[in-house]
There are 2 protein chains.
Amino acid sequence: MARRLGRILRGFQSLGSLAFMKSELSNLPASVSLKSMVRALPSLFSSNPRDFSLPNSSWGTEMRQLYEHYNSQCEAVTDGGEEQGGLWNRLPSYNRSLKYAAGGVYLSKIIQAKARLFTRNIRDPGAAFEYVIFANKKEQRCVCIFQAGHLLEGPPGNVHGGAIATMIDTVTGTHACVHSGPVMTANLNINYRSPIPLGSTVLIESSLDKKEGRKTLVSCKVTSADGARLHTEATALFVSIGVSQLMKG
Amino acid sequence: MARRLGRILRGFQSLGSLAFMKSELSNLPASVSLKSMVRALPSLFSSNPRDFSLPNSSWGTEMRQLYEHYNSQCEAVTDGGEEQGGLWNRLPSYNRSLKYAAGGVYLSKIIQAKARLFTRNIRDPGAAFEYVIFANKKEQRCVCIFQAGHLLEGPPGNVHGGAIATMIDTVTGTHACVHSGPVMTANLNINYRSPIPLGSTVLIESSLDKKEGRKTLVSCKVTSADGARLHTEATALFVSIGVSQLMKG
């Protein structure tokens, strides 16, 4: 049971921002069980959904080197089908969400068919958000390698404050979900320290501050790829959706 | 002088997030004067740059009605060229920034040529951020009408927390700029109260809390179009760039 739930929760991790998931799930018709949603998952995408967390030709040297650093320490499955432990887990990332599950019809069909995850809505490699998140459950931390494309401009030549906030929400929300299961974002508090030039690769590292009842607090910092320069600091508060609520219906 | 500076500052308002503008401006080569930047402005864009704040075919009824409500109370220029006062000013919005000014070469030419403002990086009408900002200087407030497209998804069927943060940064940053001239974002503190369904139109209203030395504090709330439902509340802190710093070089 715990293992199956773990697999389900990993599915949620690809959603990026999990704000308001509680409200969202509670909007689902009572006839839709979690079991039916999970059974529907394989058919939610085209036959080969693109995993946006895998390397592509737009990734620069820093992005690739950092990816290799963490990926080489990941859990792996041997040819014999055995799982080998690792420090890290790479989290896959898709551009569609669970609303495609059977019964999840609550938006206009046009919007529903066209909807895409905000951070993965541009398919041109390298143009917008290139990122991959690794989770380290033992050490209660996540790391995201983020290469900022030319379509994320705010101040001339630098990344928009909203694009930085978007990545902070994505990484801390994923972290909270890894630790506490499905959550919704309640607060983001972001301090901007120094600009992030377009085209550069940065590290977003999150750590678990506290879990208290339904609340999960995660803090994170955004630094240059070598860790030398602090770009942004933030705290994020998430509220859990109880398993009973998740499993109802 | 004051009038000319006013025109220059209005140019900055189209940048959206102004975080780190200080650092950005200070990176400009000393040989680039503000005068030469301003002279270069008309040639920064193609002959007819698109003003994204004007209505298009994707705007729904609520978006159009709210636009007409504020636009009908705007300053206007008569056929005779005279300015007629109004409560509000509509702020134009473009997808390129001042880095195209002569001499502003500090990124790779490829990134520089392709860079687009984050909130205006998708040209397909209605797909992402449709918004227009009106400023009311007398009452020290701004209002933004925002229609959220299908490419802004976070939790299934709802707008991504990062996309909401992006609009909050954009509106409060524009407001701070209208009041204090060029600024950079120092802090965003956002409380998420209830989800915003994809496709819906919301109001983002900002008010000036305090100006203290170089600091400008702006708060804002995001509500349903009729004002009945509170979606998000936020405060934002901006730090001014002194006029002397702006005019140097």
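Counting starts from 1 at the beginning of each chain's written sequence and moves along it residue by residue. The order in which chains are written sets their letters, starting at A; the order in which ligands are written sets their numbers, starting at 1. Two thresholds apply to this predicted model, a pLDDT of at least 70 for residue-level local features and 80 or more for giving and counting side-chain atom pairs, whereas whole-chain, interface and lining totals are computed over all residues. Working from all heavy atoms in the structure, the side-chain values ignore hydrogens and water.

Draft legend 1. A look at the overall build of chain A. If you tally the helices and strands in chain A, you get seven helices and nine strands. Considering chain A as a whole, with its 249 residues, one finds that 56% of them fall into the buried category. Restricting to contacts in chain A with at least 6 residues of sequence separation, those with at least 24 account for 65%. Here, Shrake-Rupley sampling with a 1.4 Å probe gives the accessible areas, and only protein chains in the shown set may cover a residue. Of the roughly 10,600 Å² of accessible surface on chain A, a fraction of 51% belongs to carbon and sulfur atoms. To qualify as a helix, a DSSP run of H or I must reach at least 4 residues; to qualify as a strand, a run of E must reach at least 2; elements of each kind are numbered from the N terminus. Three exposure classes are used, based on accessible area relative to the maximum for each residue type with a 1.4 Å probe and protein chains only: buried under 20%, partly exposed in between, and exposed over 50%. Residue contacts are defined here by distance: any two heavy atoms, one from each residue, within 4.5 Å place the two residues in contact.

Draft legend 2. Main features of the UniProt feature "domain: Thioesterase" (unreviewed entry) in chain A. Following the UniProt record, one finds the feature "domain: Thioesterase" (unreviewed entry) at residues 157–228 of chain A. The annotated region residues 157–228 of chain A carries 28% helix and 44% strand content, and the separation between its end C-alpha atoms amounts to 21 Å. UniProt positions are given in the numbering used here, feature names are shortened, and annotations may be inferred rather than shown by experiment.

Draft legend 3. Structural detail: the pattern of salt bridges. Residues and elements named next belong to chain B. Between Lys or Arg on one side and Asp or Glu on the other, a salt bridge is scored when a side-chain nitrogen of the former is within 4 Å of a carboxyl oxygen of the latter. Scanning the model with the defined rule gives eight salt bridges over all chains in all. Glutamate 233 is paired through a salt bridge with arginine 193; the nearest N and O atoms lie 2.9 Å apart. Taken as a pair, glutamate 233 in strand β9 (residues 230–240) and arginine 193 in the loop between β6 (183–192) and β7 (201–212) lie far apart in primary sequence, 40 residues in all. Its salt-bridge partner being glutamate 212, residue lysine 210 comes within 3.7 Å of it at the nearest N-O pair. For lysine 210, a relative accessible area of 41% gives the class partly exposed. Assessed through its relative accessible area of 49%, glutamate 212 is described here as partly exposed.

Draft legend 4. Looking closely at the nonpolar core. Put simply, a nonpolar core is a bunch of buried Ala, Val, Leu, Ile, Met, Phe, Trp, Tyr and Cys residues held in one set by side-chain atoms that sit within 4.5 Å of each other. Of all hydrophobic cores here, the largest spans 81 residues; its most connected members are Phe129(A), Phe146(A), Leu152(A), Phe129(B), Phe146(B) and Leu152(B). Among residues more than four places away in sequence, those in contact with Leu152(B) are Arg116(A), Phe118(A), Ala128(B), Phe129(B), Phe146(B), Asn158(B), Val159(B), His160(B), Ala163(B) and Leu198(B).

Draft legend 5. Just helix α6 (residues 161–180) of chain A, in detail. Residue and element names in this part refer to chain A. Here a helix's expected span is defined as the number of its residues, less one, multiplied by 1.5 Å. Spanning 20 residues, α6 covers 28 Å between terminal C-alpha atoms, matching the ideal 28 Å at 1.5 Å per step. For α6, a buried count of 19 out of 20 residues is recorded, marking the element as mostly surrounded by other parts of the structure. Positioned one or two residues after α6, glycine 181 has a phi angle of 80°, which is positive.

Draft legend 6. Fine view of the environment of Ala186(B). Among the structural elements, Ala186(B) can be located in strand β6. The class for Ala186(B) is buried, based on a relative accessible area of 17%. Separated by 126 residues in sequence, Ala186(B) and Gly60(B) have C-alpha atoms that sit 34 Å apart. Apart from the residues lying within four places of it in its own chain, the contact partners of Ala186(B) are Ile190(A), Asn191(A), Tyr192(A), Leu237(B), Phe238(B) and Val239(B).

Draft legend 7. Quick look at the side chain of Thr170(A). Residues and elements named next belong to chain A. Relative to the elements of secondary structure, threonine 170 occurs in helix α6. Threonine 170 sits in the buried class, given a relative accessible area of 1%. Between N or O atoms, a polar contact is any pair within 3.5 Å; within protein, one atom must be a potential hydrogen donor and the other a potential acceptor, and residues adjacent in sequence are included only when both atoms are from side chains. In terms of polar contacts, threonine 170 uses its side chain to reach the backbone carbonyl oxygen of threonine 166, at 2.8 Å.

Draft legend 8. The arrangement of the environment of Ala234(B) in detail. Residues and elements named next belong to chain B. Tracing the chain through its elements places alanine 234 in strand β9. Sequence-wise, alanine 234 and threonine 216 are 18 residues apart; in three dimensions their C-alpha atoms are separated by 14 Å. Apart from the residues within four sequence positions on either side, alanine 234 is in contact with Ile168, Asn189, Ile190, Val218, Ser219 and Cys220.

Draft legend 9. Spotlight on the pairing of strand β5 (residues 141–148) of chain B. Residue and element names in this part refer to chain B. A large share of β5 lies buried, amounting to seven of its eight residues. Looking at chain direction, strand β4 (residues 129–136) and β5 are connected through eight bridges and run antiparallel. Looking at β5, one finds that phenylalanine 129 is bridged to alanine 148. Any two strands between which DSSP finds at least two bridges are classified as paired. In sequence, β4 turns back onto β5 through a hairpin of four residues, with glutamine 140 there showing a positive phi of about 50°.

Draft legend 10. Quick look at the packing of α6(A) against helix α6 (residues 161–180) of chain B. Across the interface, α6(A) lies against α6(B) with an axial gap of 8 Å and an inter-helix angle of 155°. Comparing their axes, α6(B) and α6(A) come out roughly antiparallel. Between α6(A) and α6(B) lies a crossing of right-handed hand. Every residue of α6(B) that contacts α6(A) at Gly161(A), Gly162(A), Ala163(A), Ala165(A), Thr166(A) and Asp169(A) is listed here: Gly161(B), Gly162(B), Ala163(B), Ala165(B), Thr166(B) and Asp169(B). Only Asp, Glu, Lys and Arg are considered charged in this grouping, and only Ala, Val, Leu, Ile, Met, Phe, Trp, Tyr, Cys and Pro are considered nonpolar; every other residue, Gly among them, is considered polar. Of the residues belonging to the contact of α6(A) with α6(B), the class tally is four nonpolar, six polar and two charged. As a rule, the C-alpha atoms of each element are fitted with a line to give its axis, helices using only the stretch in contact, and angles between N-to-C directions run from 0 to 180 degrees. If an angle is under 35 degrees, it is roughly parallel; if it is over 145, roughly antiparallel; if it lies from 65 to 115, roughly perpendicular; otherwise it is oblique. Each crossing is labelled by how the near helix is turned from the far one, with a counterclockwise turn of less than a right angle marking it left-handed and a clockwise turn marking it right-handed.

Draft legend 11. Representation of the state of the cysteines within the structure. All names here are of chain A. When two cysteine sulfur atoms lie within 2.5 Å, the pair is treated as a disulfide. Taken as a whole and assessed by the stated rule, the structure comprises zero disulfides over all chains. No disulfide involves cysteine 144; its nearest neighbouring cysteine sulfur is the one of cysteine 142, lying 9.3 Å away. Classification of cysteine 144 by relative accessible area gives buried; the value is 0%.

Draft legend 12. Representation of the pairing of β7(B) within the structure. Residue and element names in this part refer to chain B. Two elements, β5 and β7, share seven bridges in a ladder whose sense is antiparallel. Bridging across to β7, valine 143 finds its partner in glutamate 205. Relative to strand β8 (residues 215–224), β7 runs antiparallel, the two sharing ten bridges. Within β8, the position partnered with isoleucine 204 by the bridge is valine 222. In this structure, the hairpin formed by β7 and β8 is closed by a connection of two residues, where glycine 213 is found at a positive phi of approximately 65°.

Draft legend 13. Geometry of the packing of aromatic side chains. Residues and elements named next belong to chain B. Stacked, edge-to-face and tilted are the three classes for Phe, Tyr and Trp ring pairs, Trp counted by its six-membered ring, which pair at centre distances within 6.5 Å; planes under 30 degrees apart are stacked, over 60 edge-to-face, the rest tilted. Inspection of the entire model under this criterion finds 15 aromatic pairs over all chains. A centroid spacing of 5.4 Å and a plane angle of 70° characterise the contact between tryptophan 59 and tyrosine 67, whose relative ring orientation is edge-to-face. Each member of the pair, tryptophan 59 as well as tyrosine 67, carries the same accessibility label: buried. On the numbers, 5.0 Å between centres and 80° between planes, the contact of tyrosine 70 with tryptophan 88 is edge-to-face.

Draft legend 14. How the structure looks around unusual backbone geometry. Positive phi, close to 55°, is recorded for Gln140(A), a residue that is not glycine. By the element assignment, Gln140(A) lies in the loop between β4 (129–136) and β5 (141–148).

Draft legend 15. Here's a closer look at helix α4 (residues 61–71) of chain A. Residue and element names in this part refer to chain A. Every buried residue belonging to α4 is among Met63, Leu66, Tyr67 and Tyr70, and all of these are buried. Buried residues in α4, looked at end-on, bunch into an arc of 105°, giving them a common side. Facing away from the buried side of α4 by more than 90 degrees, the exposed set consists of Thr61 and Gln65. This arc corresponds to the set of directions leading from the helix axis out to the C-beta atoms.

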